[in-house]
Amino acid sequence: MSRILILSWDGGGNTPSAFNLGARLVRRGHRVRMLGWETMAVRAAASGLEFTTYPSVPPWPAHRRHEDGWHEIQQALFSEATEADVTAEIGSFGADAVVIDCMLTAGHAAARRLDVPVASLVHVRYAPFVHQWGSEVLQTDVVAMLDAAQCVLAVQPPGFDPPEAFRSGATAVGAVLRPGVLEQLDRGTAARLAEPGDPWVLLSLSTTMQGQADVLPTYLQALGSLPVRVLLTLGGVLSPDAVAAPPNVTVRGFLPHSGVLPHMDAVVTHAGMSTVATTLAAGLPMVCLPQGRDQPLNAARVEELGAGLMLTEESVPEGLASAVRTVLGDHSYRTAAQELATKALAVGNGELATDLVDALSRAAISRR
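Summary of the structure given here. Since the structure is predicted, the reported quantities are computational estimates derived from the model, not experimental observations.

Counting 65 residues, the largest nonpolar core has Leu21, Trp37, Val98, Phe129 and Leu153 as its most contacted members. Here this core gets five residues from one element, more than from any other, and that element is helix α6 (residues 126-138). Residues within four places of Trp37 in sequence aside, it is in contact with Trp9, Asp10, Phe51, Thr53, Tyr54, Val57, Trp60, Ile73 and Ala76. In terms of nonpolar packing, the next biggest core, distinct from the first, is built from 31 residues, Leu223, Val268, Val316 and Leu320 among them.

Below is the structure:
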């Protein structure tokens, strides 16, 4: 079998698809190594991946927003030093193919120079990234960068962006979910979610610092007034002890979405693409409360497709309570979400992505 190197970084929502794709490739017998930030080491090991870090990238400070250190992020993603790290790792590992995060331009440059086959993993919404904001933010020609890859994996359901938005070689592969059985919940949480009662609503913001502490009190005030049960997951960003929750809210630090979503009736989210894609794979409607980055673009598309509603900060709390009532009471939102879930299931919730990388690496070996 082949050696596949995954080049990633700890940007939050970009990591689940990288870990899960790696785990799927390991299950097929490939040797898989991830080059990432040291904060990713534990999750890489849990996914069965070998792991190493970029020698030139210093540790990211805990609880620091990416927006407050964008220059350091740029250095980690774009610099010649990172390109040299990648070049050395491709050589020492003997990679037959590389899977590269779409924002890691240094990785794309190194692989192109070494003529190693590339699968680019687009963890943001494909159409705006390619046709609107990507080149400016990444300071490179994103179209040319992705066109140079042998395949481009867009982690969103087929139909989320119109087919005509996709360039040749790009494929909507849906959320890349964990292979095998659903990730297990602890006994206490599993028992709590199985209790009969009001509908469950998941409140899940980001796994990176984005000002959650400022907005959560208002969100919880709105949700506390509704006849629902709320599961608040904090993504490891805040401590559960720091949250004053209403009686109908259960607070957890971190829980895998694959284990939680089967119990939910709706999701309130910041609308990061990873959460959106995973929620749609479960066929659940959303209320989107974007906090920045690319999230407003994702939220607007969710609303356009009829799979949820988008709110602004100014419309909370009254708007949030009303929106949750609407997506729970109007079945058309769930129907639209389930239509996208059917399309995601058709590409295997990660199976097509794995097939494409598998074929890429095998073709590389056969050409030797």
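Our focus in this paragraph is the state of the cysteines. A disulfide bridge is the covalent bond that connects two cysteines by way of their sulfur atoms. The final tally for this structure, using the stated rule, is zero disulfides. The thiol of Cys102 is not disulfide-bonded; the next cysteine sulfur, from Cys151, is found 13 Å away. Taking the relative accessible area as the measure of exposure, Cys102 reaches 0% and is therefore buried. Among the residues examined, Cys151 registers a relative accessible area of 8% and is labelled buried.

Let us now look at the sheet that holds strand β3 (residues 50-53). Strands sit in the order β3-β2-β1-β4-β5-β6-β7 across an open sheet of seven strands; the sheet is parallel. Here the strands that pair on one side only, and so sit at the sheet edges, are β3 and β7 (170-172). On average, each strand axis in the sheet is tilted by 20° relative to the strand beside it, whichever way the strands run. For strand β2 (residues 31-36) and β3, the ladder comprises four bridges, and the chain directions are parallel. The partner of Leu35 across the bridge, within β3, is Thr52. Contacts from helix α1 (residues 15-27) reach β1 (3-7), β2, β4 (97-101), β5 (118-122) and β6 (151-154), with the element oriented near 160° to β2. Packed on one face of the sheet, helix α5 (residues 105-114) meets β1, β4 and β5 and runs near 155° to β4.

Let's shift gears to the packing of aromatic side chains. Aromatic ring pairs are reported here in terms of the distance separating the ring centres and the angle at which the planes meet. Under the definition given, this model contains four aromatic pairs. Summarising the aromatic geometry, the rings of Trp37 and Trp60 are spaced 6.0 Å apart at their centres and angled 25° between planes, so their arrangement reads as stacked. Residue Trp37 is found in the loop between β2 and α2 (41-46), and its partner Trp60 is found in the loop between β3 and α3 (70-78); the two are separated by 23 residues along the sequence. Trp60 sits in the buried class, given a relative accessible area of 18%. A ring pair is formed by Phe129 and Trp133, whose centres lie 5.2 Å apart and whose planes are at 65°; its orientation type is edge-to-face. On the criterion of helical spacing, the pair formed by Phe129 and Trp133 is a turn pair, its members being four residues apart in helix α6. Look at Phe129 and you get buried, because its relative accessible area is 0%.

A separate point is α6. With 13 residues, α6 extends just 14 Å between its outermost C-alpha atoms, more than 12% less than the 18 Å of an ideal straight helix rising 1.5 Å per residue. A maximum bend of about 60° is found in α6 at Gln132. Buried within α6 we find Tyr126, Ala127, Pro128, Phe129, Val130, Trp133, Gly134 and Leu138. Immediately beyond the C-terminal end of α6, within one or two residues, lies Gln139, with a positive phi of roughly 60°.

Mapping Asn248 onto the fold places it in the loop between β9 (229-233) and β10 (249-252). Relative accessible area serves as the criterion here: at 14%, Asn248 is assigned to the buried category. Here the side chain of Asn248 touches Leu223 through a polar contact of 3.1 Å, landing on its backbone oxygen.

If you walk across this open sheet you meet the six strands as β10-β9-β8-β11-β12-β13, and the pairing is parallel. On the outer flanks of this sheet lie β10 and β13 (308-310), each paired with one strand and no other. Direction aside, the axes of adjacent strands within the sheet are offset by 15° on average. Pairing of strand β8 (residues 200-204) with strand β11 (residues 266-269), which is carried by four bridges, proceeds in the parallel orientation. Across the sheet, residue Leu203 finds its bridge partner in β11, namely Val268. Its contacts with the sheet put helix α8 (residues 187-194) on β8, β9 and β10, and the angle it makes with β10 is roughly 155°.

Below, the discussion takes up unusual backbone geometry. The residue Asp115 is not glycine, and still its phi comes out positive at about 60°. Among the secondary structure elements, Asp115 is positioned in the loop between α5 and β5. The phi torsion at Asn349 lies on the positive side, around 50°, for a residue other than glycine. Its location among the elements puts Asn349 in the loop between α14 (331-346) and α15 (351-366). The class of Asn349 is buried, set by a relative accessible area of 14%.

Turning our attention to the environment of Arg362. Here Arg362 shows up in helix α15. In the structure, Arg362 is positioned 313 residues away from Leu49 in sequence and 19 Å away in space, judged by C-alpha atoms. Non-local contacts of Arg362, meaning those with residues more than four positions away in its chain, are made with Met1 and His30.

A few words on the side chain of Thr105. Topologically, Thr105 is positioned in helix α5. Residue Thr105 is classed as buried on the basis of its relative accessible area of 11%. Not counting residues up to four positions away in its chain, the partners in contact with Thr105 are Leu77, Phe78, Leu138, Thr140 and Met145.

Parameters at a glance
Residues numbered from 1 in each chain as written. Predicted model: local features only at pLDDT ≥ 70, side-chain atom pairs only at ≥ 80, totals over all residues. Heavy atoms only, no water. Core = buried A, V, L, I, M, F, W, Y, C linked by side-chain atoms within 4.5 Å. Buried < 20%, exposed > 50% of the residue type's maximum accessible area, 1.4 Å probe, protein only. Helix = DSSP H or I, 4+ residues; strand = E, 2+ residues; numbered from the N terminus. Contact = heavy atoms within 4.5 Å. Disulfide = S-S within 2.5 Å. Pairing = 2+ DSSP bridges. Axes fitted to C-alpha atoms, helices over the stretch in contact; angles between N-to-C directions. Phe/Tyr/Trp six-rings, centres within 6.5 Å; stacked < 30°, edge-to-face > 60°. Expected span 1.5 Å × (residues − 1). Bend = angle between axes of the 7 residues up to and from the residue. Polar contact = N/O pair within 3.5 Å; in protein donor to acceptor, adjacent residues only side chain to side chain.

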